[in-house]
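Here's the letter readout for the chains.
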Amino acid sequence: DTAVSQTPKYLVTQMGNDKSIKCEQNLGHDTMYWYKQDSKKFLKIMFSYNNKELIINETVPNRFSPKSPDKAHLNLHINSLELGDSAVYFCASSPPLQPAANYGYTFGSGTRLTVV
Amino acid sequence: TQLLEQSPQFLSIQEGENLTVYCNSSSVFSSLQWYRQEPGEGPVLLVTVVTGGEVKKLKRLTFQFGDARKDSSLHITAAQPGDTGLYLCAGENSNYQLIWGAGTKLIIKP
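Residues numbered from 1 in each chain as written. Chains lettered and ligands numbered in written order. Predicted model: local features only at pLDDT ≥ 70, side-chain atom pairs only at ≥ 80, totals over all residues. Heavy atoms only, no water.

## Description of the pattern of salt bridges
Pairs can form between side chains of opposite charge whenever their charged atoms are close. Residues and elements named next belong to chain A. Inspection of the entire model under this criterion finds six salt bridges over all chains. Linking D30 and K71 is a salt bridge whose minimum nitrogen-to-oxygen distance equals 2.7 Å. Separated by 41 residues along the polypeptide, D30 in the loop between β3 (19-25) and β4 (31-37) and K71 in the loop between β7 (64-70) and β8 (73-78) bring together distant segments of the chain. The class for D30 is buried, based on a relative accessible area of 18%. Linked through salt bridges whose partners overlap, the residues forming this network are R63, E82 and D85. (Salt bridge = Lys/Arg side-chain N within 4 Å of Asp/Glu carboxyl O. Helix = DSSP H or I, 4+ residues; strand = E, 2+ residues; numbered from the N terminus. Buried < 20%, exposed > 50% of the residue type's maximum accessible area, 1.4 Å probe, protein only.)

Below, the structure written as structure tokens:
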């Protein structure tokens, strides 16, 4: 199946720990994203990579570091986790930057991160 | 700062009723997309509207882009429980980036 896959689906961890979320897409898309969805369901973009190059880096703590080993993968590493990091994190992909009329974003099913 | 406001934030109606949800902005967008998100899943694209005044239909769902390309509406006819979900609109800016609304949570009761 062509899709955006992210793991794990659920992640419960203690404050101060370091954790990673992995994302892979087999759609042949050049652009990948990380979004954070808070408890009010607002989707906020965190990072965007185009063919392994960082193109969007919104104001997020530098404890969050994306890594793109190739254009099919975009992983998110989080250091020193805090309670406020609890949220659902979504990976998404799209074809190369072009008018959105030509495509839609394809999202993974999300990683629910709970920091205790 | 470009913002998209969605209303209502929450809507709960009986099966068979009609409803309309709105997505409004003071900014002009190149295009606007509607997504539906079900619990435990990521958003899934429903439709993209591009031209001012454009109307697109997807079965019982009718999407309209405002003439000035600043707003959009989604009308559902004879709502069914399967329509339950979070409806998100996203407008494309001049940098090809999507600006997201906060969503309308829709519940259709049998």
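Here the narrative resumes.
## Digging into the sheet that holds β8 of chain A
Residue and element names in this part refer to chain A. Spatial strand order, β1-β3-β8-β7: four strands in an open sheet with antiparallel pairing. Of all strands in the sheet, those with a lone pairing partner are β1 (4-7) and β7, marking the two edges. Within the sheet, the average angular offset between the axes of one strand and its neighbour, ignoring direction, is 20 degrees. One ladder, built from five bridges, connects β7 with β8; its direction is antiparallel. Note on β8: the bridge partner recorded for F64 is I78. (Pairing = 2+ DSSP bridges. Axes fitted to C-alpha atoms, helices over the stretch in contact; angles between N-to-C directions.)

## As for the interface of chain A and chain B
Contacts between the two partners involve 20 residues from chain A, matched on the other side by 20 residues from chain B. Across the chain A-chain B interface, the total number found is zero salt bridges. Counting the contacts that link chain A with chain B gives four residue pairs in polar contact (both at pLDDT 80 or more). In the side of chain A that touches chain B, the residues fall into twelve nonpolar, five polar and three charged. (Contact = heavy atoms within 4.5 Å. Polar contact = N/O pair within 3.5 Å; in protein donor to acceptor, adjacent residues only side chain to side chain. Nonpolar A, V, L, I, M, F, W, Y, C, P; charged D, E, K, R; others polar.)

## Examining the environment of E41 of chain B
Within the secondary structure layout, E41 of chain B lies in the loop between β4 (31-37) and β5 (44-49). The exposure class of E41 of chain B is partly exposed, given its relative accessible area of 41%. Distance from E41 of chain B to Q97 of chain B, taken between C-alpha atoms, is 22 Å for residues 56 residues apart in sequence. Contacts of E41 of chain B, omitting those with residues within four sequence positions, involve K9, F90 and S109 of chain A.

## Thoughts on the state of the cysteines
Per the stated rule, a full pass over the model turns up two disulfides over all chains. In this model C23 of chain A forms its disulfide with C91 of chain A; the gap between the sulfur atoms is 1.8 Å. Across the disulfide from C23 of chain A to C91 of chain A, rotation about the S-S bond amounts to roughly -80 degrees, and the bridge is consequently left-handed. Remark: C91 of chain A occurs in strand β9 (residues 87-94) and C23 of chain A occurs in strand β3; sequence separation between them is 68 residues. Residue classification places C23 of chain A among the buried residues on the basis of a relative accessible area of 2%. Note on cysteine connectivity: C23 of chain B is disulfide-linked to C89 of chain B, with sulfurs 2.0 Å apart. Of note, the bridge from C23 of chain B to C89 of chain B carries an S-S torsion of about 80 degrees and is right-handed in sense. Separated by 66 residues along the polypeptide, C23 of chain B in strand β3 (residues 19-24) and C89 of chain B in strand β9 (residues 85-92) bring together distant segments of the chain. A single burial state applies to C23 of chain B and to C89 of chain B, both of which are buried. (Disulfide = S-S within 2.5 Å.)

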